[in-house]
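# Descriptive structure summary
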Amino acid sequence: MTTITASPPRSDSRWPDRLAPLAAGWLGLWGVLALVGTLTGAGYPFGANDHNGGDVNLLRLVPVDLATPLFAGVLLTAAVAALAMSRPAVRPPGPLRTLLAGYGWAVAFVLAVVVPDVRVLLVLGYLPILIVGAPFGWPPVDYADIFNWALFARFAALAGGLLLAGAVLAWQRRTAAACVGCGRGHTDRGWTTPAAAARWGRWAAGIAAVIPFTYALTRFAWAAGIPLGISREFLTEMQDSGLVWAGFGLGAFATVGAILTLGLVQRWGERFPRWMLGVAGRRVPVTLAVVPATLVAIAVTAASFGLLSNPRFWELTGGLSLTGAPMLLWPLWGVALGVATYAYHLRRRGACRRCGRG
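Values in this document were obtained by computation on a predicted structure and should not be read as measured data. (Residues numbered from 1 in each chain as written. Predicted model: local features only at pLDDT ≥ 70, side-chain atom pairs only at ≥ 80, totals over all residues. Heavy atoms only, no water.)

## Focus: the overall build of the protein chain
- In terms of regular secondary structure, the protein chain is built from 13 helices and zero strands.
- Reading the protein chain from its N terminus to its C terminus gives the helix and strand order α-α-α-α-α-α-α-α-α-α-α-α-α.
- Since a compact globule built from 358 residues should have a radius of gyration of about 21 Å, the 23 Å found for the protein chain is in line with a globular shape.
- Summarising its shape, the C-alpha atoms of the protein chain cover approximately 85 × 60 × 40 Å along the three principal directions.
- For the protein chain, the proportion of its 358 residues judged to be buried stands at 42%. (Helix = DSSP H or I, 4+ residues; strand = E, 2+ residues; numbered from the N terminus. Rg over C-alpha atoms; globule rule 2.2 N^0.38 Å. Buried < 20%, exposed > 50% of the residue type's maximum accessible area, 1.4 Å probe, protein only.)

## Here we look at the nonpolar core
- Of all hydrophobic cores here, the largest spans 34 residues; its most connected members are F71, L111 and L164.
- Listing elements by their share of this core, those giving two or more residues are α1 (15-40), α2 (64-85), α3 (94-114) and α6 (149-175).
- Of the residues forming this core, the biggest block, ten residues, is contributed by α2.
- With residues near it in sequence (within four places) discarded, F71 still touches A34, Y44, F46, L111 and V115.
- By size, the runner-up hydrophobic cluster in this structure holds 33 residues, among which are L124, A216, V300 and L337. (Core = buried A, V, L, I, M, F, W, Y, C linked by side-chain atoms within 4.5 Å. Contact = heavy atoms within 4.5 Å.)

## Focus: the UniProt feature "transmembrane region" (unreviewed entry) in the protein chain
- According to UniProt, the feature "transmembrane region" (unreviewed entry) maps to residues 20-46, 66-86, 98-131, 151-171, 203-222, 242-265, 286-307 and 327-344 in the numbering used here.
- Annotated as residues 151-171, this span is 100% helix and 0% strand, and its ends, taken at the C-alpha atoms, are 30 Å apart.
- Annotated as residues 203-222, this span is 100% helix and 0% strand, and its ends, taken at the C-alpha atoms, are 30 Å apart. (UniProt positions renumbered as here; feature names shortened; annotations may be inferred.)

## Section: α6
- Taking 1.5 Å of rise per residue, the 27 residues of α6 would be expected to cover 39 Å, and the 38 Å separating its terminal C-alpha atoms lies within 8% of that figure.
- Of the residues one or two after α6, A177 is the one with positive phi, at around 60 degrees. (Expected span 1.5 Å × (residues − 1).)

## Quick word on the side chain of T341
- Structurally, T341 can be placed in helix α13 (residues 330-348).
- The exposure class of T341 is buried, given its relative accessible area of 3%.
- Contact partners of T341, with chain neighbours within four places excluded, come to L264, V290, A293 and T294.

## Considering the domain arrangement of the protein chain
- Each assigned domain of the protein chain is listed with its residue range as follows: domain 1 (18-176) and domain 2 (193-348).
- Computed from C-alpha atoms alone, the centre-to-centre distance between domain 1 and domain 2 is 24 Å.
- With 20 residues of domain 1 in contact, the opposing surface of domain 2 contributes 20 residues.
- Buried area between domain 1 and domain 2, both sides added, is near 1,700 Å², and the carbon and sulfur share of it is 79%.
- Scanning the region where domain 1 abuts domain 2 turns up one residue pair in polar contact (both at pLDDT 80 or more).
- Top element by residues in the side of domain 1 that touches domain 2 is helix α4 (residues 118-133). It accounts for eight residues.
- Of the residues contributing to the side of domain 1 that touches domain 2, the split by class is 16 nonpolar, one polar and three charged. (Domains from an automatic or database assignment. Buried area = accessible area lost by both parts, 1.4 Å probe. Polar contact = N/O pair within 3.5 Å; in protein donor to acceptor, adjacent residues only side chain to side chain. Nonpolar A, V, L, I, M, F, W, Y, C, P; charged D, E, K, R; others polar.)

## Thoughts on the side chain of R154
- Assignment of secondary structure puts R154 in helix α6.
- Within the structure, the side chain of R154 is placed 2.9 Å from the side chain of D117, a separation counted as a polar contact.
- Contacts of R154, omitting those with residues within four sequence positions, involve P45, F46, D50, N57, V115, P116, D117, R119 and V120.

## Some details on the packing of α3 against helix α10 (residues 286-308)
- Contact geometry for α3 and α10: axes closest at 8 Å, N-to-C directions at 85 degrees. Considered as vectors, α3 and α10 are oriented roughly perpendicular to each other. Contacts between α3 and α10 involve F109, A112 and V113 from the former and I298, T301, A302 and F305 from the latter.
- Residue composition of the contact of α3 with α10, grouped by class: six nonpolar, one polar and no charged. (Axes fitted to C-alpha atoms, helices over the stretch in contact; angles between N-to-C directions. Parallel < 35°, antiparallel > 145°, perpendicular 65-115°, else oblique.)

Put into structure tokens, the structure is as follows:
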């Protein structure tokens, strides 16, 4: 009699198993640092302690004296939760599973979407300009004022939130007897099939491409000397300070992003075009599209939370004007881009390397 044993997972498919320990270590380290900050009264870079753009962060609404110990407590308890999720697959009782998953997702959302603000999106948008212009002294900014502790803390929170989200997702799959790598069970749900994802993903990609392009149009108009949605005096001030070209850079970044978003539903988003020497005709790695698109989707959503809740934003943009209207759609842009990216992943993920399904 021949017995059939399941083959062990391939080494390159075991990354979901590492997410919980990584999240526990990362959050635990930051929790200890936050605890030290609570005891010393220094190091908390949000709210009233952030003198360089803290007014566009939702944490400004929490007093520093309360936020510092609360931040440390949330990080440390989340580290313990992630550590519990790294244990072997034992399905806990329903209420406990719901509580643990709910807390994990809530903390992951706060770290990845609430703590980072528009500054993360601005750095991602300006980064090409900063890298190219640095040797020539342009733009005339002090890089120490940009790449400071407050910015590093925002990216650290984003990384912790993504690690924790991945850990919770892997744990939920493991305790639900689904594949930890792909989430597939014994039967695929209809809306996750490649054909279904192609249909609803096309709509999401279209929305996610139109919104940043409308934002870019206003910035291009300002660079061309057209005061679209603003006064002529304000445009002159931006021209004199050079801000108009910073806006042009962000507009260019948004336009490139809109074009790349369309690649999520186009053939050239699956195979490199012929004009790309060296890689022409080769398959585009799924992660090459999914990782940057996911990061931008999260950054846009995070930016919209703090920006649109700031009264000064409405004062500067004049309320419902051509200046602020494109930014009012940023929450929809972030969600639509995330949905389009997920649809692209579903269409191209193929057979799972861990379970062989698909």
